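Structural overview for review
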Amino acid sequence: MWPAADSGIVDAVQKRPAARARSLTKVYGEGDSRVVALAGVDVDFHSGRFTAIMGPSGSGKSTLMHCVAGLDEPTSGEVFLGDAALSGMADNELTALRRDRVGFVFQAFNLLPTLTAWENITLPLDLAGRAPDEELAAAIVAAVGLRDRLHHRPAQLSGGQQQRVACARALITNPDVVFADEPTGALDSKSSADLLELLRASVDEFGRTVVMVTHEPAAAAYADRVLFLADGRLVDELTAPTADGVLDRMKHLERAGV
Ligand code: ADP
Ligand code: MG
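First, a word on what this report is: a plain description of the structure on this page.

The rules behind each value
Residues numbered from 1 in each chain as written. Chains lettered and ligands numbered in written order. Predicted model: local features only at pLDDT ≥ 70, side-chain atom pairs only at ≥ 80, totals over all residues. Heavy atoms only, no water. Pairing = 2+ DSSP bridges. Helix = DSSP H or I, 4+ residues; strand = E, 2+ residues; numbered from the N terminus. Phe/Tyr/Trp six-rings, centres within 6.5 Å; stacked < 30°, edge-to-face > 60°. Lys NZ or Arg CZ within 6 Å of the ring centre and 35° of its normal. Buried < 20%, exposed > 50% of the residue type's maximum accessible area, 1.4 Å probe, protein only. Contact = heavy atoms within 4.5 Å.

So, the sheet that holds strand E4 (residues 76-81)
Adjacent strands of a sheet form backbone hydrogen bonds with each other and so pair up, either parallel or antiparallel. With antiparallel pairing, 4 strands are arranged side by side in an open sheet as E2-E1-E4-E5. At either margin of the open sheet sits one strand with a lone partner, and together these are strand E2 (35-46) and strand E5 (84-85). Across 9 bridges, strand E1 (residues 17-28) lies against E2 in antiparallel orientation. Considered in E2, the bridge of Tyr28 is made with Val35.

Below you can see the structure in the form of structure tokens.
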């Protein structure tokens, strides 16, 4: 389905993380309203892998994702996208890095209502002044299954279709990492499964790196690795997860009160 990648290059690239954080902290507010959202997180997001981040509400999942994606500035610690350190980067450098090397999928889709599906998908390229790679664009449109909906506007699409447009938009720039924050949170179970299969296919068939925040064990089971956050710390991890295995770890976390 996707254009073939050179396996030697894929192997070499997969040896280093697509993104990593070291001693990452994030503190919001001060005095009585001071909240430690991240309390020292070290994490590698391996290239060509699908990682899920789980944890109770308020455990710092979105903050971690936003800091690693360069959407939010950490209080201390380091974030690297590939070999590029985000700290100390000028705003315009960071904006270009986010635009060219990172894709985002949000719970609320965040499509522009006046643009068609196709215009939404290609918007990041337009902003960067790049033309779509036709082979890649065709592969993405086929994968998201929206060939006959490309000229519709978001209001004319179901929630599941809108989220697949958002996913295509995140993939069209060939980003180093796709970050998805509760991407299935507003979808029914069939649309959720379609979206998760699309994210899975982008990793398996196209070598993309996906980091997804979710609170649903069934969604986390699509990942290669699940990281568990509690009170701003990484407290556990599971590889080759099943929904039951994830649910079990969550119960242990809740029982341990971490
Ligand atoms: P999660 O995504 O796991 O639900 P968040 O990363 O959104 O958790 O939030 C972690 C903690 O940081 C929570 O206590 C939350 O209330 C707090 N927090 C998040 N964003 C802000 C903000 N902009 N201002 C103040 N506190 C915030
Ligand atoms: Mg969140």
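Having seen it, we continue.
Side note on the packing of aromatic side chains
Applying the stated criterion to the full structure yields 2 aromatic pairs. Ring plane angle 15 degrees and centroid distance 5.8 Å describe the contact between Phe104 and Phe106, whose orientation is recorded as stacked. In this structure an aromatic cluster arises from ring pairing among Phe104, Phe106 and Phe179. Seen from the ring of Phe80, Arg20 lies directly overhead, with NZ or CZ sitting 4.0 Å from the centre.

Considerations on the side chain of Thr51
Relative to the helices and strands, Thr51 resides in strand E3 (residues 50-54). Thr51 sits in the buried class, given a relative accessible area of 2%. Thr51 has contacts with Phe45, Val210, Val211, Met212, Ala223, Arg225 and Leu227, leaving out every residue within four places of it along the chain.

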